[in-house]
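Below, each chain spelled out in residue letters.
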Amino acid sequence: MPREGLLPDHVRATRARVDAAGWLVDGFGVAHPISAAATVGRGPGGDLIVLDGSVSRDHAELTRSDGGWQVRDLGSRNGTQLDGQRVAGRALLARRALVRFGDIGFVFIGDAVALPEPALRSIATGHAAGDAVFRFTMRGEGVELCLVGARSDTQAGGALLYRPNGQTAWAELSLPPLEFQLLRMLCDRALADAAGATKVRGCVPTRHLAKELPFQSRYANEENVRQVVRRVRASLTGIGAEGLIEAVPGRGYYLTWPVVS
């Protein structure tokens, strides 16, 4: 089974299936082709891109030689496990081994066998259904955003997925807890107030954000909130989503784009 909060779009191979030297099968049952010298991570240049906070940018390497397949951890933050044991240095990969990168597990198939093409999937699949996981999508004039996370964990950071309108591949913007939870709270309020008639429907009071955001200090104030908003705005500008967060002077903040769960 896939890890809670993970969507099919978060796992993507960059190699052609006809050139596969081996396969990594994810928790959704999709087989991803890998080359004989494959890298796995969140970065855009690997054989397998896994958009999950537990996976490092350059996480692990899988290589095939005359002695068989091996896996090597590339100094990742959360480590690589092979059949439940953490990999130190290199380890031999047996066929049908369970290999885990951070929190994301795959079944390894070390043969260049032909496997069926997966069915088309989208961000709007049923894998994210249920109260335990939230998913908010927002679309502006040039870019679409998707904020996904575990509703029960209000202290965690996470990833904001984004893509230009009309494209299918998502890129990832990693957000620390304060920035991630700020967007979550604004999305929650935007949905709750969607039927409102005023321009600033969905406005969350600054004092409420100061109380509920996961600041380390018990005495966070409105200036602390403004600093978080500035950081989020700077990150959003970098991906073409400027103008998403606006302020009501003396009151709070709201999202200017429509939000869909």
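Chemist: Hey, could you go over the sheet that holds strand 9 (residues 85-86) for me, with residue numbers and the actual values?
Modeler: Where strands meet in a sheet, backbone hydrogen bonds hold them as pairs that are either parallel or antiparallel. Taken together, six strands build an open sheet; the order of strands is 3-2-12-11-8-9 and the sheet is antiparallel. With partners counted over all chains shown, the strands left at the sheet margins are strand 3 (31-34) and strand 9, one partner each. Pairing of strand 8 (residues 80-82) with strand 9 involves two bridges; the strand directions are antiparallel. Bridging from a neighbouring strand, Gln81 pairs with Arg86 of strand 9.

Chemist: An account of the sheet that holds strand 18 (residues 245-248) is requested, with residue identities and associated values reported.
Modeler: Within the open sheet, the three strands sit side by side as 17-19-18. Their pairing is antiparallel. This sheet does not close on itself; its edge strands, each paired only once, are strand 17 (204-205) and strand 18. Both strand 18 and strand 19 (residues 252-255) contribute to a ladder of four bridges, which runs antiparallel. Across the sheet, the residue bridging to Ile245 is Leu255, located in strand 19. In the packing of helix 3 (residues 222-238) onto the sheet, contacts are made with strand 18 and strand 19, and the angle to strand 18 comes to roughly 150°.

Chemist: With reference to specific residues and values, describe unusual backbone geometry.
Modeler: One non-glycine residue, Asp83, lies in the positive phi region at around 50°. Relative to the helices and strands, Asp83 resides in the loop between strand 8 and strand 9. One non-glycine residue, Arg96, lies in positive phi territory at about 70°. Among the secondary structure elements, Arg96 is positioned in the loop between strand 10 (90-93) and strand 11 (98-101).

Chemist: Before we move on, can you summarise the environment of Asn165 with the specific residues and values?
Modeler: With respect to the element layout, Asn165 can be found in the loop between strand 15 (158-164) and strand 16 (171-175). Expressed as a C-alpha distance, the spacing of Asn165 and Gly142, which sit 23 residues apart in the sequence, is 5.6 Å. With residues near it in sequence (within four places) discarded, Asn165 still touches Arg139, Gly140, Glu141, Gly142, Val143 and Glu144.

Chemist: Break down helix 1 (residues 177-192) for me, citing the residues and quoting the values.
Modeler: For helix 1, which comprises 16 residues, the first-to-last C-alpha distance of 22 Å matches the rise-based estimate of 22 Å (1.5 Å per residue) to within 8%. Among all positions in helix 1, only Leu178, Glu179, Phe180, Gln181, Leu182, Leu183, Arg184, Met185, Leu186, Cys187 and Ala190 are buried.

Chemist: Give a description of the nonpolar core that names residues and reports values.
Modeler: Soluble globular proteins tend to pack their nonpolar side chains together in the buried interior. In this structure, Leu145 and Ile245 are the most contacted members of the largest nonpolar core, which totals 36 residues. For this core, the secondary-structure elements that each account for two or more residues are strand 13 (133-139), strand 14 (143-150), strand 16, helix 1, helix 2 (206-212), helix 3 and strand 19. Judged by nonpolar contacts, the second largest core, of 26 residues, contains Val11, Ala21, Val40 and Val71.

Chemist: Provide a residue-level description of the packing of aromatic side chains, including the pertinent values.
Modeler: In this structure the tally under the stated criterion is two aromatic pairs. Relative to Phe108, the ring of Trp69 has its centre 5.3 Å away and its plane inclined at 70°; by these criteria the two rings are edge-to-face. Of this pair, Trp69 sits in strand 7 (residues 68-73) while Phe108 sits in strand 12 (residues 104-109), and the two are 39 residues apart along the sequence. Here Trp69 matches Phe108 in class, with each residue buried. Taking 5.7 Å as the distance between ring centres and 50° as the angle between the ring planes, the aromatic pair formed by Phe101 and Phe106 counts as tilted. The two residues Phe101 and Phe106 agree in class, both being buried.

Chemist: Go over the pattern of salt bridges, please, and point to the residues and values.
Modeler: A full pass over the atoms with the stated rule returns eight salt bridges. Here Arg15 and Asp47 are joined by a salt bridge, their closest N and O atoms 2.9 Å apart. Here Arg15, found in the loop between strand 1 (11-13) and strand 2 (22-25), pairs with Asp47, found in the loop between strand 4 (37-41) and strand 5 (48-50); they are 32 residues apart in sequence, far enough to count as distant. Owing to a relative accessible area of 1%, Asp47 belongs among the buried residues under this scheme. Across the salt bridge formed by Glu144 and Arg163, the nearest N and O atoms sit 3.2 Å from each other. Of this pair, Glu144 sits in strand 14 while Arg163 is found in strand 15, placing the two residues 19 residues apart along the sequence. Taken as a pair, Glu144 and Arg163 share a single burial class, namely buried. Residues participating in the shared-partner salt-bridge network are Arg139, Glu144 and Arg163.

Chemist: Go over the pairing of strand 16 with me, naming the residues and quoting the values.
Modeler: Where strand 15 and strand 16 come together, five bridges link them in antiparallel fashion. Among the inter-strand pairings, Tyr162 is bridged to a residue of strand 16, identified as Ala171. Turn length for the strand 15-strand 16 hairpin, with the two strands adjacent in sequence and antiparallel, is six residues, and the turn residue Gly166 shows positive phi of about 95°.

Cut-offs applied
- Residues numbered from 1 in each chain as written.
- Predicted model: local features only at pLDDT ≥ 70, side-chain atom pairs only at ≥ 80, totals over all residues.
- Heavy atoms only, no water.
- Pairing = 2+ DSSP bridges.
- Helix = DSSP H or I, 4+ residues; strand = E, 2+ residues; numbered from the N terminus.
- Contact = heavy atoms within 4.5 Å.
- Axes fitted to C-alpha atoms, helices over the stretch in contact; angles between N-to-C directions.
- Expected span 1.5 Å × (residues − 1).
- Buried < 20%, exposed > 50% of the residue type's maximum accessible area, 1.4 Å probe, protein only.
- Core = buried A, V, L, I, M, F, W, Y, C linked by side-chain atoms within 4.5 Å.
- Phe/Tyr/Trp six-rings, centres within 6.5 Å; stacked < 30°, edge-to-face > 60°.
- Salt bridge = Lys/Arg side-chain N within 4 Å of Asp/Glu carboxyl O.

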